[in-house]
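Breakdown of the fold
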Amino acid sequence: MFGDLFEEDYSSVSNNQYGKGKKLKTKALEPPAPREFTNLCGIRNQGGTCYLNSLLQTLHFTPEFREALFSLGPEELGSFEDKDKPDAKVRIIPLQLQRLFAQLLLLDQEAASTTDLTDSFGWTSNEEMRQHDVQELNRILFSALETSLVGTSGHDLISRLYHGTIVNQIVCKECNNVSEKQEDFLDLTVAVKNVSGLEDALWNMYVEEEFFDYDNLYHCGTCDRLVKAAKSAKLRKLPPFLTISLLRFNFDFVKCERYKETSCYTFPLRINLKPFCEQSEVDDLEYIYDLFSVIIHKGGCYGGHYHVYIKDVDHLGNWQFQEEKSKPDVNLKNLQNEEEIDDPLVILRAILLQEENNLIPVDQLGQKLLKKIGLSWNKKYRKQHGPLRKFLQLHSQIFLLSSDESTVSLLKNHSFQAEPDFQRNDQKIFKTCTSEAPGLNDSTCCPHWFDINDSKVQPIKEEDIKQQFQGKESAYMLFYRKSQLQRPPEARANPRYMVPCHLLNEMDAANIELQTKRAECDSANNDFELHLHLGPQYHFFNGALHPVVSQTESMWDLIFDKRKTLGDLRQSIFQLLEFWEGDMVLSVAKLVPAGLHLYQTLDGDELTLCETEIADGEDIFVWNGVEVGGIQIQTGIDCEPLVLNVLHLETSRQGENCQQIVEAPHVFPSNAEVGTLFTALAMPVGVLLTSSAESAGEERWAAVPKEDMKKTFRELGLRNGSSILIQDSKNDNSLLPKQGKQSPSVNEMDWLQVKNLCQLESEEKQVKISATVNTVVLDIRIKAIKEFKLMKELAENSCLRPIDRNGKLLCPVPDSYTLKEAELKMGSSLGLCLGKAPTSSQLFLFFAMGSNVQPGTEMEIIVEETTSVRDCLKIMLEKSGLPGDTWHLRKMDWCFEAGEPLYEEDATLKELMICSGDTLLVIEGKLPPPGFLKVHIWWYQPRGPSEHWKSHQDRTNCMPSQDRVWRAASTQGAPGNVPVEVSLLYLGDVEISEDASLVDLKSQAMTLPLFPEFAAPSPAFLRAWMVENRRPGRLLRSDRQPLKEYKLGRRNEICLEPLRKEENLGPQDMLLRTQMRIPGTRAYVPAMDLVWDTARGWTAGSLRQRVADFYSLPVEKTEIAKYFPEKFEWLPISSWNQQITKRKKKKKQDNLQGAPYYLKDGDTIGIKNLLVDDDDDFSTIRDDAGKEKQKQLALGKKKSTAAALMIYT
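Residues numbered from 1 in each chain as written. Predicted model: local features only at pLDDT ≥ 70, side-chain atom pairs only at ≥ 80, totals over all residues. Heavy atoms only, no water.

An unreviewed UniProt entry annotates the protein as Ubiquitin carboxyl-terminal hydrolase 40 isoform X3 of Galeopterus variegatus.

Topic: the overall build of the protein
As a reminder of what qualifies: For helices the rule is a DSSP run of H or I covering at least 4 residues; for strands it is a run of E covering at least 2, with both sets numbered from the N terminus onward. Throughout this description, buried means an accessible area under 20% of the type-specific maximum (1.4 Å probe, protein chains only), exposed means over 50%, and partly exposed covers the range between. By definition in these notes, contact holds between two residues if any of their heavy atoms fall within 4.5 Å.
A count of helical and extended segments in the protein gives 26 helices and 55 strands. Within the span of the protein, comprising 1209 residues, buried residues form 45% of the whole. Pairs at least 24 residues apart make up 70% of the contacts formed inside the protein by residues separated by at least 6 positions.

Regarding the nonpolar core
Side chains of a nonpolar character, in soluble globular proteins, are inclined to be buried together. Basically, it comes down to this: Residues enter a nonpolar core if they are buried and are Ala, Val, Leu, Ile, Met, Phe, Trp, Tyr or Cys, with the set joined through side-chain atoms within 4.5 Å.
Counting residues in each nonpolar core, the largest one holds 67 residues, and the members touching the most others are F65, L97, F101, V134 and Y162. In this structure, L97 is in contact with L56, L69, L117 and L145, ignoring residues within four places of it in sequence. By size, the runner-up hydrophobic cluster in this structure holds 35 residues, among which are Y206, L235, I271 and F469.

So, the sheet that holds strand β44 (residues 919-924)
To keep things clear, this is the line we draw: The rule for pairing is simple: two strands pair if DSSP sees at least two bridges between them. Structural elements are reduced to axes, namely lines fitted to C-alpha atoms, with helices fitted over the stretch in contact, and the angle between N-to-C directions of any two is expressed from 0 to 180 degrees.
If you trace the 5 strands from one edge of the open sheet to the other, you get β41-β40-β44-β42-β43, paired in mixed fashion. Two strands close off the open sheet at either side, each with one partner strand: β41 (859-864) and β43 (898-901). Between one strand axis and the next, the sheet turns by 40 degrees as a mean value, whatever way the strands run. Here strand β42 (residues 887-892) runs beside β43; their pairing, made up of 2 bridges, is antiparallel. Residue pairing in the sheet places M892 in a bridge with A898 of β43.

Here we look at the packing of helix α2 (residues 63-70) against helix α4 (residues 92-106)
The test is simple: With respect to orientation, any angle under 35 degrees is reported as roughly parallel, any angle over 145 as roughly antiparallel, any angle of 65 to 115 as roughly perpendicular, and every other angle as oblique. Note on convention: the crossing is left-handed when the near helix lies turned anticlockwise from the far helix by less than a right angle, right-handed when the turn is clockwise. Under the grouping applied here, Gly and all other residues not named as nonpolar or charged are polar, the nonpolar ones being Ala, Val, Leu, Ile, Met, Phe, Trp, Tyr, Cys and Pro and the charged ones Asp, Glu, Lys and Arg.
Contact geometry for α2 and α4: axes closest at 10 Å, N-to-C directions at 120 degrees. It follows that α2 is oblique to α4 by the angle criterion. Pair α2 / α4 crosses with left-handed handedness. Where α2 approaches α4, its residues F65, R66, L69 and F70 are matched on the opposing element by P94, L97, Q98, F101, A102 and L105. The class makeup of the residues in the contact of α2 with α4 is 8 nonpolar, 1 polar and 1 charged.

Overview of helix α1 (residues 50-60)
Taking burial as the measure, the 11 residues of α1 include 11 buried ones, the bulk of the element. When α1 is considered as a whole, its buried residues turn out to be C50, Y51, L52, N53, S54, L55, L56, Q57, T58, L59 and H60.

Let's talk about empty space enclosed by the protein
For the record, the criterion: A cavity here means a set of points on a 1 Å grid, drawn over the protein atoms and nothing else, where a 1.4 Å probe fits but cannot get out; a pocket is an open set with protein on both sides within 12 Å along at least five of seven lines, and a residue lines either one if it has an atom within 4 Å of a point. Grid points are joined across faces, edges and corners, and a volume is the space filled by probe spheres set on the points.
Tallied over the full model, the rule gives 5 cavities of 30 Å³ or more. Approximately 40 Å³ is the volume found for the largest cavity. Along its surface, the largest cavity is lined by R66, E67, L105, D314, L316, R487, A491, N494, P495 and Y497. Grouping the amino acids of the lining of the largest cavity by side-chain chemistry returns 5 nonpolar, 1 polar and 4 charged.

Considerations on the sheet that holds strand β4 (residues 178-185)
The sheet built from 4 strands is open, its strands ordered β4-β3-β9-β6 with antiparallel pairing. Since the sheet does not close on itself, it has two edges, and those belong to β4 and β6 (210-212), each with one partner. Looking at each pair of strands side by side, their axes are set apart by 25 degrees on average, direction ignored. Here 8 bridges tie strand β3 (residues 164-172) to β4, and the two strands are oriented antiparallel to one another.

So, in structure tokens, the structure goes:
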């Protein structure tokens, strides 16, 4: 059936650890879900592998098989890392089974994957989608495993656990001679048809005899003639684990078709096999077997689905039954004392006692309470007892909250008065059959059965097995184990028991990776960005809110979890805005053409942001709810400001109307009456006309009747951008023609301006060409040539090029385009230039030499879009007259800087998505070959120049050139002895493979000519940083990690910092620059490096404890603050998130990685010893000077802006 599906395929097996380097067949968008309440792991179905999943789960829940497989170490099985070595023997199938069992035991995911295992079988995707027979799979898998284990200490694993022996005997009735034949078996195949159950079938097979007589005589070798005889079969040797296959599928010879036997077929939970075995002196208990697995088939003979009922022998799972939600009141009535139902201490303690180690996350505690009593904490207890976390804190003699308040447990030595009554009530709240017997193997203990259906695992009761006796969903394979098999006590509820160390480490690392990915995914899915607009920084002007200074300074971006409440959001804003005083009101705002307008006010602090329907990227206005800048603000959609274009006759100085129409935008509330327009504009009451667009692109005007003057602008159907024409009612000369069409005097521009840039003399330098959006560019070009009175020959050798605001000529426009297709607006300027426009298969490109491009220095070429990068570079070098081949191309990015190099020199411009109008930069320097990096190496001296550093600069020159030394000024307010500038000395370039490690890069950097001047005995004495914005940025930690895993990119620069001793930073270690403040002064001692292990959390308390230990200070007398050099400010690090606000008395978990600290490697931390320095100030004299300088710069900028506005007006 399976053919060669189980031949070991060494080429298809990944040598990765969990989740690394694996070739997945489907790309998972999210990390796998964690285990459900059963704490057991299912197996994902690859399409048709439910039969495989059921068998693997049975083997996994056979602890003797699992532990025997774990006992085979890498010295016998090999390892995945050696699979490519020619002489290495790697036994793939047992290795993959080991890893799968370890994942099922330890990996916190809802379901494991069998992709690696089926790949080791040599299965194709077709086989994974095709369903096979589980009985046949059992035999083939055992055979393949036996073959793979030949030559190891586990060579007899299958034989020892599953092989049994049957003896067939024929007894001659004449001479009593016995002829026997012995055969081995892996499983017993028993009949189902016309049999009532398993014991009946075994009786027919191994008790009843078959007689040879009459016409069916037996030839006896001893008698040498045909004689009467009796044939029988017996079980001679029983294996520790007995597998029984039920013959559910049969063939109907009348109908000539297969069918499934669905009649009732019973099997016992415990069976005595002694009647079916040869007689011996073995203890009777050796014949007693207990059922521990039932593989079930649901469906017919041509298809269906497999799942398995499994007995959890080691109690690895959480086997607990919950009351039906529809009957919560019945459970409560069964309790002896109704008052104890109302006592949350009783209920919460009941829940915790059912948890492993009496520990549970607080969020799950609330969920379990809802499931058990049918009511949530808020509905049942909040009014009387307050929030759940507050209740747990108030009863600290019973409950113990973790430091971050995420988990709660029961105190071991607490007293509880109603203990006996509670235990009785507890058993009624939960229908849990957990055994209280002292021995794990005691037959009286309540067995834990689970239904494992691919990924889903559900607890079941033992009596549920009877449902699988008959029907289309019925038992197909039975697995029994000897009842005398003892399990050690330490194996109970211990999934790590007997798991090899290398697999334990692998699973622990995988769990950490899963937690990280889930946290990232949770953050990506539940965090959204809010734009906070601060009321004190806005003023009301021209019908809407506008920032006083700039939009950037008036708006703060806040990343927030949408599952949190509005009260949490208000609390966070209070903490961010330390200057805020009085009430705080949050209103949803939107940017409309008139400015910022406020809509609904957010109420209900207990509601989550999802429930308030706040969207991602929402604008939130923070104010007092009444006024802004002394002006009362109207909110809501009814008063939304509208920007209307008002047209009226210009009034002369003498007060007379001219014939010139003036158009100007004005803002009106949408709920204002239309008649108020005259008052607002201080104009006499006249006739109003509103415009409506026609399909032909024209506008028609309609007069507003007098009775509609009381209507609002919104009721009149006016929107942003609508036009209103005011006409004097005394003037009989209408501005509009009688048919009502728009007067020519109010037509918008319908022309283009064309400049003569052909370097040919002409009477006109620029002309206006009338056009519409559907006018073809060729027609405009021909008209311009005629208007300029130029030679007709230009019609074949000229083109039109748009001119931007800076006067730069842009890419030529193809003649076949319409103005709409060319995205040219009316009134735009075009240049008539010599040369043809590129065809549809050509590209018009700008290019320049070097990265420092000055405006107007770009050159132009037209090339085919199929031209390769190499050929394009040659054309550019020929046109610019540059020699040599040490050049490469880069595309200018949106910041007008040199972007990534075009590495694929043989790729076409079209393949690299180069478009007409793009600018390419010709940069000196040859690109490294594929798979190599060119790294710029800098030397970093963080604590101020040393004597050696100074002497080197003295030898080179007194003022190092900009190409050699960077002096970044963003730390100019650094405290104490921290240097005003960060000095980076350029050492040279290193060309290195992407597969090389960080230590290889350091070693090569030490060979650069300038490097020997700086003493570093080995690469271990160098610390590597990424250079970002001309200063150290991200810290590169692991020396053995390949460079490609750092994702350095192509434009990579690294600075090296000398160390006095070797260091080995772990992934959870944070490197900080700490400085102790000098008492009585406003200065600090030189900085010292401090390594902080953040594995226990990024909390302020944890960092303060580490700093106190490092400086040997009492933690309660230690004060710390982070320095922000760009603001010249110190921010004290304290339990800021536990401040109580006026709106919401609730604590929030702090994380120094987030706002407002954003702590990262290399940050400066100031330290105070409160025993000798008890003031609150962390700042230095240099900070004061820096703030004053910033203030003067801002004041000067404000004055220059005001002066510019005066000149403009």
